[in-house]
Amino acid sequence: MTQTATALEFKEATLSNGLTVIAEVNPEAKSLALGYFVKTGSRDETPQESGISHFLEHMVFKGTARRDALEVNLEFDRMGAQYNAFTSEENTVYYGAVLPEFGGRLLELFTDLMRPALRQEDFDTEKRVILEEIALYADRPNAMLFDYARSRFFRTHPLGNSVLGTPGSITAMTREQMIAYHARRYAPTNMVLAMAGRVDWEAALERVAQLTADWQPYAVHREYPPFEALPGDVRESYPKATQTYIALLAPGFSAQDERRYAAAVLASLLGEEGNSRLYWALTHRGLVESASAGHDDSDRAGLFYIYAQTDPQNEAQVVDVLREELNRLEVHGVSAEEVRRAKNKLATGIVFAGETPMNRLFSLGLSYQYSGVYEPLSEMARKVEAITPGQVNALLEAKPFSRGFLYRMVPQ
Amino acid sequence: MAFAQVETLANGLTLAVEEQPWNPGIALQLLVPVGATTDPQELEGAANLLEGWLWKGAGDLDARALAEAFDELGVRRGSGVGLEYTTFAASFLPEHLGSVLELYALILQKPRFEEALLEPVRQVALQELAALEDQPPRKMGAALRRAVFASTHGRYAGGSKEGLISATAEALRRDFENRYGAKGSILAVAGGVSFAEVRAAVERYLGAWGGKTPAAPEPVLTVPRTLCLEQDTAQVQIGLIYPDVGPAHPEFYSARLAAEVLSGGMGSRLFTEVREKRGLVYSVSASPQGVKGFSYLLAYAGTTPERASVTLEVLRAEIERMQQGVSMEELERAKIGLRTALVMQEESARSRVSSMARDLFMLGRIRPLSEIEAEIAAVDLERINRFLAEHPYQNPWVGMLGPNLTKHQAQSA
């Protein structure tokens, strides 16, 4: 358990090849977690590469010059590792947790994997797995909703790119494209190795320096085109849907912007399950199966999102109520009481975010990657605690929700 | 290593506390043995409706005041209905323990159950049920379980459309009186708090909780068969249910380790054979599941229609091949996998209270982690292989959901 704040120690170093290594060391933890946070995702893909970041994430586990796919999987299992990876619009993260005695082996394995072999035969087999994954999500309208909504909200901005890609883009993809993409994006300067829990910092740092001695430093570029949200309303039918799914996206705040804390408070009081404006206006009245809101801070961009799922016959009423609530929020602002309650819940969430090294790893790695600054949970809690109703209301002055984009996915 | 202290209070409520002095938070789970299996015949979904309705006000607090009272304390809360029980989970800071228990006591003992607020609860439940159509894996799973049990264990936890529509406020209030009670309920707590503190607070706020408890029904099984549900989906969903041994069986950990060999990590047999070598699926798994009185292995795979037959074939072949035994290397990997999962579970108070409550419900006691570790260590190769030879996975119930199933079935026959 990591919260005895005094026992936590933060470490950071940058190797000569440009790889940044950080750790939040907690000698009292029973496990350790580590992960490579690669600053690359669908926003960094060309249209011909749609889905390649995620496909590459799968291929990384297929082995290296030193080990084949089966050997990789067996090695993880021999350590009893709990591990996985994910790809988003802007990050690819490989992570795992083990008992402390296996820390060195886990580090060795993940570091080796960052330089995958990308064999043709594995590429062809895994392509079929990716196509299965796309088919799986196609059967779940609620999983497709945000893909479609984002692509329209962001228009030509790369943050609207699909993470999974399409059957067409995946089928056409070649191994050579992937090798080129990997070479372009997986530079040590574009990666952070983060560790949390019972970490032997000195040993880990020395080991990773040895393991990456032949990695070459070079610069990686990310495009940050300007983004202007276009308000609007799109309604489309989805043949597989029997329910109606609604997404509303509105301009928010980036991961580098301190206002993201106030934005999190605003999203919570707007759409937290069980007690929020949308809960009382929609769920409590039985108009929707569920409704929620959140704030997503990305690299130099951010957005508020609202999700609602309802019976098709309620669609018009749900949209009316939603607009009414958002309008009321922008016109009248928030109350001191609701800000206080939202802050209380967020503070408890922050305490439990540090409960296990694996939980802690994600916010540690991601926030460092965005800002280059270590933020202990105690500091995050302090920032949440300091939010005032005035700061939340200031966010509403720009009328973000009036500039929002409403996307409805309805049955045919 | 921490261990849980357990005591059954005079009113029949079982209290379990694991002291974690290093933990700045508290997690709590209250398990009430009210689920779909004990819903009255004409009231399928009553447990689900009651769980939703309970949040709509208690004592002097209306729905909003109740929710705000929890939020004032910074409580992260959740609740849910399953086949056999309803759970209420909360995490919060230790100084609020008494206030949090006081709120739960109010909900359990003085629900307002206002008739006007039942209708929205019903609407949400009906929409959840309708939304199953848009979640093919869950829809297939629900249909498969219904095919396995002749008893009420085959029900969908959320209820049936007929039951949800016909439930009246009066019938539900009566049902609440008949089923919600301290006896048989379990309160598990873990975190930075002492057993004595928790016990005193529970006595104070929940000591007077009375009520009845329904008798749990015995599971009754059907004859295994194959179930095909036609639906125009991109993927075919495949589910298999094999009878397995339960937690009270002396070879329970042999079975757990076998499931780990089959589907524990990415080096496991199913992942290797079905996904890695053949690329047939994105998702494939087999996991031990169960209700009180019947344990089973649930296997799952999702694949596109052209590959459904071969996927089912490989899946079955791998599971049924287990009777030929596992290798020493596989057993060793399975052991370390299970042990690691246990240690990591202990690091999270929220997952710990959930397993404490479930242990008490299923077994009547909490297995100390040291005991589980010893049990796992005691399974050697000869023992697990003897177990697998004597308890082969065979004769499953099979569920499939997708397009043109009969055509593909016919081709593969």
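See above for the structure.
Residues numbered from 1 in each chain as written. Chains lettered and ligands numbered in written order. Predicted model: local features only at pLDDT ≥ 70, side-chain atom pairs only at ≥ 80, totals over all residues. Heavy atoms only, no water.

Caption draft 1: Local environment of helix H11 (residues 308–320) of chain B. With 13 residues, H11 of chain B should reach 18 Å at 1.5 Å per residue; the first-to-last C-alpha distance of 18 Å fits that figure. Ala308, Ser309, Thr311, Leu312, Val314, Leu315, Glu318 and Ile319 of chain B are the residues of H11 of chain B that are buried. (Helix = DSSP H or I, 4+ residues; strand = E, 2+ residues; numbered from the N terminus. Expected span 1.5 Å × (residues − 1). Buried < 20%, exposed > 50% of the residue type's maximum accessible area, 1.4 Å probe, protein only.)

Caption draft 2: Geometry of the interface of chain A and chain B. Across the contact, 71 residues belong to chain A and 70 residues belong to chain B. In this assembly, chain A packs against chain B so that about 5,800 Å² is buried in total across both faces, 54% of it on carbon and sulfur atoms. At the surface where chain A touches chain B, the tally comes to ten salt bridges. Arg78 of chain A serves as the salt-bridge partner of Glu329 of chain B, at 2.8 Å between the closest nitrogen and oxygen. Here chain A and chain B share 39 residue pairs in polar contact (both at pLDDT 80 or more) between them. If you list the elements that add at least two residues to the side of chain A that touches chain B, you get helix H2 (69–78), strand E4 (82–87), strand E5 (92–98), helix H4 (120–138), helix H10 (277–283), strand E10 (301–310), helix H12 (336–353) and helix H13 (357–371) of chain A. Classifying every residue of the side of chain A that touches chain B by side-chain character gives 26 nonpolar, 24 polar and 21 charged. (Contact = heavy atoms within 4.5 Å. Buried area = accessible area lost by both parts, 1.4 Å probe. Salt bridge = Lys/Arg side-chain N within 4 Å of Asp/Glu carboxyl O. Polar contact = N/O pair within 3.5 Å; in protein donor to acceptor, adjacent residues only side chain to side chain. Nonpolar A, V, L, I, M, F, W, Y, C, P; charged D, E, K, R; others polar.)

Caption draft 3: Broad picture of the sheet that holds E5 of chain A. Residues and elements named next belong to chain A. Pairing is mixed across the open sheet formed by six strands, whose spatial order is E1-E2-E6-E3-E5-E4. Of all the strands in the sheet, just strand E1 (9–14) and E4 have a single pairing partner and so form its edges. Across this sheet, the average inter-strand angle for adjacent strands is 10°, counted without regard to direction. Pairing analysis gives six bridges linking E4 to E5, with the strands arranged antiparallel. Directly across from Phe86, in E5, lies its bridge partner Val93. (Pairing = 2+ DSSP bridges. Axes fitted to C-alpha atoms, helices over the stretch in contact; angles between N-to-C directions.)

Caption draft 4: Seen up close, the packing of aromatic side chains. Taken as a whole and judged by the stated rule, the model has 36 aromatic pairs over all chains. Taking the centre distance of 4.9 Å and the plane angle of 40° together, the rings of Phe154 of chain A and Phe227 of chain A count as tilted. Remark: Phe227 of chain A occurs in the loop between helix H8 (201–211) and strand E7 (232–237) and Phe154 of chain A occurs in the loop between helix H5 (141–153) and helix H6 (167–172); sequence separation between them is 73 residues. Assessed through its relative accessible area of 4%, Phe154 of chain A is described here as buried. Here the aromatic rings of Tyr85 of chain B and Phe361 of chain B are separated by 4.9 Å at their centres, their planes lie at 75°, and the arrangement is edge-to-face. Here Phe361 of chain B lies in helix H13 (residues 349–363) and Tyr85 of chain B lies in the loop between strand E6 (76–81) and strand E7 (86–92), a separation of 276 residues in the sequence. Here Tyr85 of chain B falls in the buried class, since its relative accessible area comes to 16%. Among the aromatic residues, those joined into a cluster by ring pairs are Phe61, Phe76, Tyr83, Tyr94, Phe110 and Tyr186 of chain A. Residue placement shows Arg115 of chain A over the ring face of Trp215 of chain A; its charged tip is 4.2 Å from the ring centre. (Phe/Tyr/Trp six-rings, centres within 6.5 Å; stacked < 30°, edge-to-face > 60°. Lys NZ or Arg CZ within 6 Å of the ring centre and 35° of its normal.)

Caption draft 5: Expanded view of the pattern of salt bridges. Residues and elements named next belong to chain B. Tallied over the entire structure, the rule returns 65 salt bridges over all chains. Its salt-bridge partner being Glu133, residue Lys139 comes within 3.0 Å of it at the nearest N-O pair. For Lys139, a relative accessible area of 18% puts it in the buried group. For Glu133, a relative accessible area of 34% puts it in the partly exposed group. The partner of Glu170 in a salt bridge is Arg173, with the nearest N and O atoms 3.4 Å apart. Within this pair, Glu170 and its partner Arg173 are both found in helix H7 (residues 169–179), separated by three residues, close to a single helical turn.

Caption draft 6: Geometry of the environment of Gly349 of chain A. All names here are of chain A. Among the secondary structure elements, Gly349 is positioned in helix H12. Classification of Gly349 as partly exposed rests on a relative accessible area of 22%. A C-alpha to C-alpha distance of 33 Å links Gly349 and Glu315, two positions 34 residues apart in sequence.

In short, shape yes, function no, at least from these values alone.
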